[in-house]
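Spelled out, the chains give:
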Amino acid sequence: MRDRGWKNLSEYLRELRKRSDLALVRAPVSAKLEIAEIHRRVIAAGGPALLFEKVENSPFPLVTNLFGTPARAGLAFGERPAELIRRLVELVRRGKAPALSRLWELRSMAHSLRGGGVRTRRRAPILETVQSTPDLGKLPALTCWPEDGGAFLTLPLVLSHDPTTGASNLGMYRMQLHGGSQCGMHWQIGKGGGFHFSKAEAQGEDLPVSVFLGGPPALTLAAIAPLPENVPELLLAAVLGGGRIPFTKGSKGEALVAEAEFALSGKVRAGIRRPEGPFGDHYGYYSLEHPFPVFDVEFLYHRKGAVFPATVVGKPRQEDFYIGDRLQELLSPIFPLVMPGVRDLWSYGETGYHSLAAAVVHERYPREAMMSAFRILGEGQLSLTKFLLLVDSPLDLRNFRALLRHILERVSPERDLYIFSELSMDTLDYTGPELNRGSKGVLLGLGEPRRKLTGRIPFSDLPQGLKKAALFCEGCLVVEAASWEEDPRLPEALVERKELRNWPMIILVDEIKSCLASEAAFLWTVFTRFEPAADLYARPKLERGHVAYSFPILIDARMKPPYPAELFCDEETSAKVTRRWSEYFPSGDVEMGDSDRAHLEKW
């Protein structure tokens, strides 16, 4: 086990080369669509990281797919952080002073936390080249999907400070290049940097911001971690990296990551918004054009021989999936400490993470499980969870089919299904009535089984409007139906049918074959295409102020007219990449996967 994390991107790339897990692409390639499709095909086949040495119209090489397999995600972030967190949790649980030998084992963590997890250097690689009139158009920023609004920075580490308290936030928010030295700042709802900007803007002030590309991989993991607002991400980065993160000072005294590949410093302007997007996002659809703040870059720094890091998001599983799952594995021992009733928790990357989560909870008295539900839905980034499943048995939450079967055996919809409307929702989820607005659902499956599920389809002849039917698991019927435009009221009619009165769950979809191609496909199709308050149907009755539902529980997961388009590569780019594959990889040792289907059908 390494004593420390990787010092910088170059050190990590050298290790990937040594392991033959980095492919060099020497053929000239375009950052507009071409690189993204190469990346998607390689990651679909479980292939290596990619270093593009000649990116058209840019003097800088570009690297992608740095973390796009479980093995690379594990290598990048290491086993040491998980071991340290396990030890800390063990000490807290014991509730007593640890032996001196244990304290000695944790000495490196204590050292990492000194000085807020950072230390300052006078000289640093990031200061080797400084541009006071930056031209961001020289950066090989990617345009990933045909309807994207332009080129984006897709792995930016955004550092801001609270204008009142000085507390830091390190986050990762996509940034669209607007031309010259200006780019967008996509601060979504509930993001720490956005809170800092709101404070500054309320005072009529611009917010100083620094943006880093590259550097220690520990920074990437810390930036996306769902930490409480008062816990600095730089502290977590120091723990992950096994030592304080080295910083230096820029031309105006601004804090810069010493070992970053690139750094942009400037200000996010108060009172100014520009259209941002569309952008093909990790939900597998486009997020649309909306006004967002703008970042005016005053200085561009880069080290000599800088390599530009980027990623590509889209239908799962993409690179962000492997980072997200690694992060969950790392933080899972902490959940029972901060949420004592929660024994295990998992958010599903196949749904974009915020669309679906499940938890194993401890129920010492009736309905205590709902206390845990409220705690989860009130905890930082978990508060954006759209649908939450709860059980009180020690199940493997990653086995979703078994989990759903377990719940459907136990659920009493009259008291175990809750819909909470008129709430905030993830900015990137367009199933709600408007941006950032939607609803949440909670479904409980507690105690002993109440019923034996059947594997028999309940229809001898399919009712009008239904085309095909098949089981996802016992008790969950998936039905291919007429489109929403053709029959928007079909769900209301189906829940009233007598032969379905005892059927636990029905899912309406546009196309059953792709939905049932894999467990991942089911999760993505269903939970990214419905909003609980609008698209979950059951026969309701008001009892003591509570809406008591009766079977069947029907989820309408058909595409609706307001939803953005699903992501697909354009035909011209697809044909170009197919034609040039042997130019990119002349040795023939990099497999070409199917970028449209493999992500959802392979698992």
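Residues numbered from 1 in each chain as written. Predicted model: local features only at pLDDT ≥ 70, side-chain atom pairs only at ≥ 80, totals over all residues. Heavy atoms only, no water.

(A) Representation of the sheet that holds strand β3 (residues 62-64) within the structure. The strand order β1-β2-β3-β18 describes an open sheet built from 4 strands, whose pairing is mixed. The sheet terminates laterally at β1 (22-25) and β18 (308-309), the two strands that pair on one side only. (Pairing = 2+ DSSP bridges. Helix = DSSP H or I, 4+ residues; strand = E, 2+ residues; numbered from the N terminus.)

(B) Representation of the environment of V338 within the structure. On the secondary structure map, V338 appears in helix α11 (residues 335-338). Given the relative accessible area of 34%, V338 is considered partly exposed. Considering only alpha carbons, one finds V338 and P309, 29 residues apart in sequence, at a separation of 34 Å. (Buried < 20%, exposed > 50% of the residue type's maximum accessible area, 1.4 Å probe, protein only.)

(C) Main features of the confidence of the model for the chain. The predicted model of the chain has a mean per-residue pLDDT of 91, with 94% of residues at 70 or higher. The low-confidence segment residues 97-105 (pLDDT under 50) makes 5 contacts with residues lying over four places distant or belonging to another chain. (pLDDT = per-residue confidence, 0-100. Contact = heavy atoms within 4.5 Å.)

(D) Representation of the packing of helix α3 (residues 70-77) against helix α10 (residues 319-331) within the structure. Between α3 and α10, whose axes approach to 9 Å, the crossing angle comes to 55°. One element, α3, and the other, α10, form an angle in the oblique class. As α3 runs across α10, the sense of the crossing is right-handed. On the side of α3, the interface is formed by P70, A73, G74 and F77, while α10 contributes Y322, I323 and R326. Of the residues in the contact of α3 with α10, the class split is 5 nonpolar, 1 polar and 1 charged. (Axes fitted to C-alpha atoms, helices over the stretch in contact; angles between N-to-C directions. Parallel < 35°, antiparallel > 145°, perpendicular 65-115°, else oblique. Left-handed = near helix turned anticlockwise from the far one by under 90°. Nonpolar A, V, L, I, M, F, W, Y, C, P; charged D, E, K, R; others polar.)

(E) Structural view of unusual backbone geometry. A cis amide bond, omega -5°, links G277 with the succeeding residue P278. Take P278: it is sitting in the loop between β14 (262-276) and β15 (279-280). Of note, the bond from F551 into P552 is cis; its omega dihedral lies within 30 degrees of zero at 0°. Of note, P552 is situated in strand β28 (residues 546-556). One non-glycine residue with positive phi stands out, namely S20, at about 55°. Its place among the elements puts S20 in the loop between α1 (9-18) and β1. For N57, which is not glycine, the phi dihedral falls at a positive 65°. Residue classification places N57 among the exposed residues on the basis of a relative accessible area of 70%.

(F) Structural context of the sheet that holds strand β25 (residues 476-481). Spatially, the 5 strands line up as an open sheet ordered β24-β25-β26-β28-β27, and their pairing is mixed. Two strands in the sheet have a free side with no partner beyond their single neighbour: β24 (466-473) and β27 (536-543). Averaged over all neighbouring strand pairs, the angle between strand axes comes to 25°, with direction disregarded. Bridge count for β27 against β28 is 7 bridges, and the pairing is antiparallel. When the bridges of β28 are listed, R539 appears paired with S550. Across the face of the sheet, helix α13 (residues 400-410) comes into contact with β24, β25 and β26 (505-509) while running at roughly 95° to β24. Along the sheet face, helix α17 (residues 519-527) touches β24, β25, β26 and β28 and points at about 80° away from the line of β26.

(G) Layout of the packing of α1 against α3. Between α1 and α3, the least distance of the axes is 11 Å, while the angle of their chain directions is 135°. Judged on the interaxial angle alone, α3 and α1 are oblique. Like other packed secondary-structure pairs, α1 and α3 cross with a definite hand, here right-handed. Contacts from Y12, E15 and L16 in α1 reach R72, L75 and A76 in α3.

(H) Representation of the nonpolar core. Core analysis: the biggest nonpolar cluster contains 67 residues, and Y12, F212, I376, L390 and V442 have the highest contact counts within it. Those residues in contact with Y12 that sit more than four places away from it in its chain are W6, L66, F67, R72, L75, A76 and P217. Among the nonpolar cores identified, the runner-up in size contains 51 residues, and A23, L136, V158 and Y584 belong to it. (Core = buried A, V, L, I, M, F, W, Y, C linked by side-chain atoms within 4.5 Å.)

(I) Highlighting the side chain of R72. Its place among the elements puts R72 in helix α3. According to the relative accessible area criterion, R72 is buried, its value standing at 1%.

(J) Inspection of the packing of aromatic side chains at higher detail. For the structure on display, the rule yields 25 aromatic pairs. Both rings, one in F262 and one in F308, keep their centres 5.7 Å apart while their planes meet at 70°; by these two values the pair is edge-to-face. On the criterion of sequence distance, the pair formed by F262 in strand β14 and F308 in strand β18 is long-range, its members being 46 residues apart. On the accessibility criterion, F308 (1% relative accessible area) is buried. Feature note: the residues Y348, F387, F400, F472, F522, F527 and F530 constitute an aromatic cluster, connected by ring pairs. Geometry around F530 places K386 over its ring, the cationic atom sitting 5.6 Å from the centre. (Phe/Tyr/Trp six-rings, centres within 6.5 Å; stacked < 30°, edge-to-face > 60°. Lys NZ or Arg CZ within 6 Å of the ring centre and 35° of its normal.)

(K) Geometry of the side chain of R303. Counting through the fold element by element, R303 comes out in the loop between β17 (290-302) and β18. Sequence-distant contacts of R303, that is, excluding residues within four places in its chain, are made with N8, P125, I126, E128, E259, A260 and E261.

(L) Quick peek at the pairing of β17. Burial analysis of β17 places 12 of its 13 residues in the buried class, which makes it a mostly covered element. Bridge count between strand β10 (residues 182-184) and β17: 3 bridges; the pairing is antiparallel. Considered in β17, the bridge of C183 is made with F295. Inspection of the sheet shows β14 paired to β17 by 11 bridges, in the antiparallel sense. Residue pairing for β17: A263 is matched across the bridge by Y301.

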